[in-house]
Structures are given as structure tokens and as C-alpha cells.
Amino acid sequence: MDIMQLFDQANIPVVQPSEYFRIRKKQVKTTAGKRNAAVFYGRYSTTGQTEASLDRQNEKVAEIINRDGFELVASFIDPERSGRFIDGRSGLFEMLDYLEANDVDRVYVEEPDRISRLFADMAWLWKQIEQRGAEFHSVNRGRLGMMEIAIYGIMAEDAVRQIAERTMYGRIAAAREGRCPGSLCYGYKKGDAPGELIIDGEKAKVVVRIFQLYDAGVSIRQIVQLLNAANVPSPREKAWTAAAIFKRSSRFCILRSLTYPGALVYGQTVSRYVAGKRFPKREPVPPEGWIVRRKPEWQIVPVELWTRVQQKIESLGESPGRNERKGRDFLLRGQILCGTCGRRMCVLSSGADKRMLCPRHHREGVCTNRNTVNVVSATRAVLEAVRDRIVGDEQIAAFRSTYIARRNEIIENDRRERSRINARLDVIRCDLEDSFNHRHVRNLSPETLDGIRSKLEAERSVLRKALGRLGRHDAAPVDDGAIPALQEGLERLIAGSPFCPADDEGAKLVGRLRALLGPIEMNPVENGTAYTLTISGNLAAILDEPSSAEHARSDPIVLRFERWTSTGFMTRDKIAEADALAASGELRIGDEDWNAVAPMIGPNILRDPRGIALDARTVVDAGLHWACTTGNRWHLPFVFGDLHAMHLAVNRMIRLGVWHRVVASLRERGSPLVAKMHRPDLKVYTRAKRGRYGPEFLHERQRSRTGDGDAPAPTPS
């Protein structure tokens, strides 16, 4: 029997090859319910185009669709999207999903480059449309096949390249003619002529304000806070950010812009595409390749101020404010250092009682400096010491005499060095001229002459650089306005401590004061009963004269503070009394009582995370001392050993319920220590009242950890 007869008997329809793909297309899609369906895709870029471009595209496509006898079933648009990239074009991918789910015959665009301006992307999108059973049509060019896509894709990509080259050549020509070649900087607005810039008065004041604040020592973060507090609009009409004011990788932020001192500089960077990256990467260009024109009418910031700011930026080595963390703000933030390990002190608490301590002791437990600093009292004491012992009248008079003498010495040394360099440059110039005189060099070979000239040129280059490094001394030797302003501002700071600057003058004053003080060291003294803050002033730091800084530093000033506990400052008498009480053994557990409670102390209590060996009886003695006194367990006498390890061990006894079993056992035995306890339950029953955990829970936790199943449950006192 023939195969075709078998198909007829089984009622299997036979489809000719020419009709297979048309039927397959109808089967794999869910029909849109319309015949001769078409969709429209439109796009316009961000440069020089508006939404009117979409209206024009829609009108032209609708006319062609009606003429061809098709019906528009959907429209997809991508406003403000460049044709160079397909990433981020949601309308394009929505169209592809629609073609996948519905029966559509044609996709219409105004021009082929509306779908993409790159040959590879255009070919890929054409293939995706064809695989979904639709035809790709252009208003002006009809149906686009493989050949047309290849031609128009290459033409579109070449047009993009030509536009980029013409734009670059136009900008170079504008820069050489002294016109603005690109976008506007903050502080300017466009003039009537092409490339003309006009200073915007209000924004120019903001630019000068930023430079003056940074020059006065105000940090980038504080400048941002001041601008946002005053509701000053940023370049993007949003809140100010640190990147808008300074960014190390950008040459176009406010503090690094060369336009503000009155210069037109073009060609500082070049854009290069990297494989696998969507956007080009900016690479710096050496100064020899820049186009520089002097534009005095564009100047907003004085050249001297701009130069000082650049010198400060370069002296930092890193981005200004890079290590400034967002957090609690106070006057001495980041300036108090631990005298034991050298780390910056961190803030332990907030609110009215701000305190700082060493992070290596608090977080890691490796530093022996366990003292905390009360920010308010320390700030007031430091300010008073600066007022009375650093910027007092006698100290200022001594500073003036020393400063002027040192300055005159530097000026004389620079004058001698400049004379020596100029004399040597004259000799080198004469030697170079003689090297081209045939009568003087007729016995020398060309190779020898080239070597001599190279050495002379290299030496002249080194001398010229050394001559440029010599300072200028045109200004007055002492700025009479800076020091009196600091003296006057200190009174306001002391009266308002803790101080947070709310205006430009306050921020400048804080910047000058921080430059004056420098790092402050905190050192523990007298076996931890007190600590000291060591400060020293450098008046030359606020006068922009670093050359005289070493000779203008005051003698170190040591400020003493007593140790702080939960009940207040521990005086020397209280500390001596607590040490004597601990050394006398009056609050220590007896031998018989210890034999009764020793089995309750499991190994988990003595397991210190840092590996410090702990004695079980000493841990119980520390808990008894804490329960019988009003001190803080962070400030136990040193006779108990490592205080941090002892503190953790006592805490473990409380959490596991062991401490309450110890107290209950001592009460049953009639120990006299129970009557002396001010707080026998420490704080565990207080937490139990709050519903956190109770004695029964602690008993079960202790049994699960130590395996002591026969231990009685603790009973509250």
C-alpha cells in the first residue's frame, strides 16, 4: 500500500512545503483577532529633538499603513534614547515580546536608523523580527531585506562616526577661537553669540563661597551641609553632593575647573571605547596636547585663591573628605588619637553624654587604653587651653618675633639660592651658544657635541624647576586679621560648646581651629585612674605659611581628666578606697563558701574568646565586689586581672543563671557578704521583669550548656 493511501485512511492532512511555514506561523501564535496587523516603533534621541519628532513619525507611518491596507494594532516608543545603544530601550523589547505573543504581519519605522544606528544591532533586530513572522518596513524605503539592512546599517554607523568627527573638529575650532566648545560650567549662562559665556551673578557667588570655605579649612562634607541647609540649587537643580564639589577622577568638578580663574582649556581628556563596555572611558591627556586660551572676562575666582586650593588638594594625596564618615558631628571629630596604639577615637554613645574610646580596645580588645573621653568636657577644656595658653597675648607676641625672624631668614636664603641658580643658567646659556660656534668645537665629533648639549639641557631643566619651587614673599609677614578673628571666635565656641557650625563664619572658624591644633593624643596615667589630652598649637598653619610652621609650634599642653564611672567622676580618694577594699580581701569569698559554690562554675564561664586564662574564684570575687559596691563593672580594681576578660566572665555568669545560684547558696549558708550587697541580683531580674528572660529560662539554658541536670532552679531573692 502506498504511503499516501495510509495517510488518507488515517485522515492525516498532507501539507505542501510551500504552505507549511504559513500554517506553522498561525499555530505557534495566538492571533490578535485582526487581519493585516501592523505595529509602529518610534524613537528620538536627547540631542536637539523633542516629542514633536514622535508626532511626525506617527503621522507618516499611519499614512503608509492606511495606504497599504493594514491596521495599526500597537505602538511602541522610546523617548530620549540614543540609537547607538539598545540597552535601556524598554519600548523596543516590549515590541519584540508583543510580536512573540501575537500575530503581526509588519513592523513600521520612519527610517532604518530609528531602530538602531549600529550595523550589528540593526542586523540582530531585523533577524529577531523576521523570526517572529513579521516583515520590517520603512516609510521611505519599503520592505527591508537582508541586503538593505546591510547597506543601511553600514551607512547609519558611518554617519554616526562622521557626526562625531565633525563635532570634535567644530569644538577644536571653537576652542582655538576662544569660544566655549562644550557644555556650560556652573556659574555661567549662554550669551547671544555662539560659544559666548556670561557670568551668572547668583551662581558665581556660590562658586566663590565654595572656594573660600575650602580654603579656610572647611571639609567637603561640611560645605555640602551648609549649601543644602541654605537651599542653594546645585548644578542639576537637586541637593548638593560631594562629587559635584570635588571628585579626584574628574577634571570638571567645581574645585578643579580651570574656567573659574579665567582660562579656556580644551582637550584635557579623550574618550576611548573598551571592549565589552557600553560607555567610553575617559583617559587624561598630557598638558602638551591641551588647547589653552586666556579669558579674563570669564574669571569668577581670583587666581591666588584658586592656586591655594589646588595646593591643598595636592597636599592631601587622596580625595578630600574620603575618610570622613557620616555620623555624629562635633568639633574634635577625628583629631583625638589613642596615645597607646595611635588609632582615632570612636564615638561610643550619642545624645548629651557623647563619649569616645579607643576602637581597638572596644571592638578588638587588643589595646590596653580603656579610658573614655567625655566630648563636651574635653572640647571645652581644649578650647580654654587654646585661648589662654596658645593664642594669648604673650604667646602671640612671642610668635610674632619668632615668625618674622624665621621668615626673614627664609627670604634671605631664597634670594641667595635664586642668585646662584640665575648665575648658573647664564653660564649654561653661554656654553650652549659656544657649542654651535664652529671655531670652539671644530675638534669635537658630532656624537660628543650631542652628549654635551644633552647634559647642559638636562641641567638647565633641573635648575628651572628648582627656581620655580622657590617661594614668593610679596605678602605681609604676619596676617593681622587671622589671629584676632580666631581669638574672638574662641569665646563663641566656648560659650556654645558642644559646637556645630551653622553658617560660613562658624565653619571657617572650625577649620582654622582644627588646622591650629592638629592631632590630640589621649594617654592613660596613674594605673588607669585618669587620662590626659596632649595638645600643641601651630599658629603658622592658619597664616598659609608652611615654611615657618616648625618654628611656630607651641610647647605641648597636657590636660588632665579623672576617670568617669556610671555614678560620676571617680576622684582619687574613691579610686584609692576601692583599690584598698579589693586588696584587703574583705569582699572576697571564704574557703568554705567557695567549696560550696565551686561546682557551679562551669568551663563555659572561664572560656575567654581571646584565650586569656581566668581563675574561677577570682571571677566570683569580682562579681561580689561589683555587687557590694556602687561602681561600674567596667572599672573593677586592677587586682582582679584583665578587666575586659573579667567583665565578660561576670556577664556570662549572669546570662547563664550561675550568679543567682551562687547568691542563693551564700544566703542559705548565712554568709556575711549577702548583707553587704547593694545589688545582689545585679541586673538579671530587672530584665526578667521586662519579659526578656527569667530564672527558669536561665536554669534550662545552664543545664543545656553545662550538662548539670541535677542543679536546682534559681530562686529570686
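If you're wondering where the values come from, they're calculated on a predicted model, not measured in any experiment.

**Q** For this particular structure, what's the right way to read the overall build of the protein chain?
**A** In terms of helices and strands, the protein chain carries 25 helices and 20 strands. Counting the 717 residues in the protein chain, one finds 42% classified as buried. Once local pairs closer than 6 in sequence are excluded, the contacts in the protein chain between residues at least 24 apart make up 66%. About 39700 Å² of surface is accessible on the protein chain, with carbon and sulfur atoms providing 51% of the total.

**Q** How should the packing of aromatic side chains be read in this particular structure?
**A** Given two aromatic rings, one states the distance between the centres and the angle between the planes to describe the pair. One pass over the full model with this rule turns up 4 aromatic pairs. Ring plane angle 85 degrees and centroid distance 5.5 Å describe the contact between Tyr-186 and Trp-240, whose orientation is recorded as edge-to-face. Here the residue Tyr-186 occupies a position in the loop between helix H6 (146–176) and strand E6 (188–190), and Trp-240 occupies one in the loop between helix H8 (220–229) and helix H9 (242–245), the gap between them amounting to 54 residues. The exposure class assigned to Tyr-186 is buried, which follows from its relative accessible area of 9%. A connected cluster of aromatic rings, assembled from ring pairs, spans Tyr-188, Phe-211 and Tyr-260. One residue, Lys-295, lies across the ring of Trp-298, its end atom 5.1 Å from the ring centre. It is Arg-453 that lies over the ring of Phe-436; its NZ or CZ is 4.0 Å from the centre.

**Q** Explain the packing of helix H12 (residues 375–389) against helix H17 (residues 504–517) here, please?
**A** The description of two helices packed together rests on the angle between their axes and the distance between the axes. At a minimum axis separation of 12 Å, H12 and H17 run at an interaxial angle of 80 degrees. By the angle between their axes, H12 is roughly perpendicular relative to H17. Facing Val-382, Leu-383 and Val-386 of H12, the residues of H17 in contact are Leu-513, Leu-516 and Leu-517.

**Q** For this particular structure, what's the right way to read the nonpolar core?
**A** Across soluble globular proteins, nonpolar side chains have a tendency to be buried as a group. The biggest cluster of nonpolar side chains holds 39 residues, and the ones touching the most others in it are Ile-210, Phe-211, Trp-240, Ile-245, Leu-255 and Tyr-260. Secondary-structure elements contributing two or more residues to this core are helix H7 (201–215), H8, strand E8 (263–266) and helix H10 (303–316). The greatest single-element share of this core, amounting to 7 residues, is contributed by H7. Ignoring any residue separated from it by four or fewer positions in sequence, one finds Ile-210 in contact with Ile-223, Leu-227, Trp-240, Ile-245, Ile-254 and Leu-255. In this structure, Met-356, Cys-358, Leu-383 and Phe-399 belong to the second largest nonpolar core, which totals 38 residues.

**Q** Could you clarify how one ought to interpret the packing of H7 against H8 in this entry?
**A** Relative orientation of the contacting elements H7 and H8 amounts to 145 degrees, with a least axis distance of 10 Å. Relative to H8, H7 is oriented so that their crossing is right-handed. Across from Val-206, Arg-209, Ile-210, Leu-213 and Tyr-214 in H7, the residues of H8 making contact are Ile-220, Ile-223, Leu-226 and Leu-227. The class makeup of the residues in the contact of H7 with H8 is 8 nonpolar, no polar and 1 charged.

**Q** What is the right way to look at helix H15 (residues 446–469) in this model?
**A** Every α-helix winds through 3.6 residues per turn, so residues three or four apart in the chain are directed the same way. Its 24 residues give H15 an end-to-end C-alpha distance of 35 Å, which sits within 8% of 34 Å, the value for a rise of 1.5 Å per residue. Turning to H15, the residues buried within the fold contact helix H13 (393–435) and helix H14 (438–441).

**Q** Is there a simple way to think about a nonpolar patch on the surface in this case?
**A** On the surface, a cluster of nonpolar side chains totalling about 320 Å² of accessible area is made up of Met-147, Ile-151 and Met-155. Examined against the element boundaries, Met-147 turns out to sit in helix H6.

**Q** Can you walk me through the sheet that holds strand E5 (residues 142–143) in this structure?
**A** Two modes of strand pairing occur in sheets, parallel and antiparallel, and in both the strands are linked by backbone hydrogen bonds. A sheet is described by the order of its strands in space; here 5 strands give the open sequence E2-E1-E3-E4-E5, paired in mixed fashion. Taken across any chain shown, the strands that pair with only one partner, and hence form the sheet edges, are strand E2 (71–79) and E5. Inspection of the sheet shows strand E4 (residues 135–138) paired to E5 by 2 bridges, in the antiparallel sense. Residue pairing in the sheet places His-137 in a bridge with Arg-143 of E5. Each of strand E1 (37–44), E2 and strand E3 (106–109) touches helix H4 (residues 90–101); the most contacted strand, E2, lies at about 150 degrees to it. Where helix H5 (residues 119–131) meets the sheet, it contacts E3, E4 and E5, and its direction lies at approximately 125 degrees from that of E4.

**Q** Quick question: what am I supposed to make of the pattern of salt bridges here?
**A** Charged atoms that come close allow side chains of opposite charge to pair. Throughout the structure, instances matching the rule amount to 29 salt bridges. A salt bridge links Asp-388 to Arg-387; the nearest nitrogen and oxygen atoms lie 3.0 Å apart. Arg-424 serves as the salt-bridge partner of Glu-459, at 2.7 Å between the closest nitrogen and oxygen. Of the two residues, Glu-459 sits in helix H15 while Arg-424 sits in helix H13, which places them 35 residues apart along the sequence. One continuous salt-bridge network, built from bridges that share partners, spans Arg-67, Asp-68, Arg-106, Glu-130, Glu-135 and Arg-143.

**Q** What is the right way to read the side chain of Thr-259 from this model?
**A** Structurally, Thr-259 is set in the loop between H9 and E8. Ignoring anything within four residues of it in the chain, the contact list for Thr-259 reads Cys-185, Tyr-188 and Trp-298.

**Q** In this structure, what is going on with the environment of Val-558? I would like to understand it.
**A** In this fold, Val-558 is placed in strand E18 (residues 557–562). Taking the C-alpha atoms as reference points, Val-558 and Tyr-531, separated by 27 residues in sequence, lie 9.9 Å from one another. Every residue in contact with Val-558, bar those within four places of it in the chain, is listed here: Thr-532, Leu-533 and Thr-534.

**Q** How should H17 be read in this particular structure?
**A** Helix length check: H17 (14 residues) gives 20 Å between terminal C-alpha atoms against 20 Å at 1.5 Å per residue, within 8%. For H17, the complete set of buried residues consists of Asp-504, Gly-506, Ala-507, Lys-508, Leu-509, Val-510, Gly-511, Arg-512, Leu-513, Leu-516 and Leu-517.

Conventions adopted
- Residues numbered from 1 in each chain as written.
- Predicted model: local features only at pLDDT ≥ 70, side-chain atom pairs only at ≥ 80, totals over all residues.
- Heavy atoms only, no water.
- Helix = DSSP H or I, 4+ residues; strand = E, 2+ residues; numbered from the N terminus.
- Buried < 20%, exposed > 50% of the residue type's maximum accessible area, 1.4 Å probe, protein only.
- Contact = heavy atoms within 4.5 Å.
- Areas by Shrake-Rupley, 256 points an atom, 1.4 Å probe, with all protein chains shown as cover.
- Phe/Tyr/Trp six-rings, centres within 6.5 Å; stacked < 30°, edge-to-face > 60°.
- Lys NZ or Arg CZ within 6 Å of the ring centre and 35° of its normal.
- Axes fitted to C-alpha atoms, helices over the stretch in contact; angles between N-to-C directions.
- Parallel < 35°, antiparallel > 145°, perpendicular 65-115°, else oblique.
- Core = buried A, V, L, I, M, F, W, Y, C linked by side-chain atoms within 4.5 Å.
- Left-handed = near helix turned anticlockwise from the far one by under 90°.
- Nonpolar A, V, L, I, M, F, W, Y, C, P; charged D, E, K, R; others polar.
- Expected span 1.5 Å × (residues − 1).
- Patch = residues over 30% accessible without salt bridge, like charges linked within 9 Å, V, L, I, M, F, W, Y side chains within 5 Å.
- Salt bridge = Lys/Arg side-chain N within 4 Å of Asp/Glu carboxyl O.
- Pairing = 2+ DSSP bridges.

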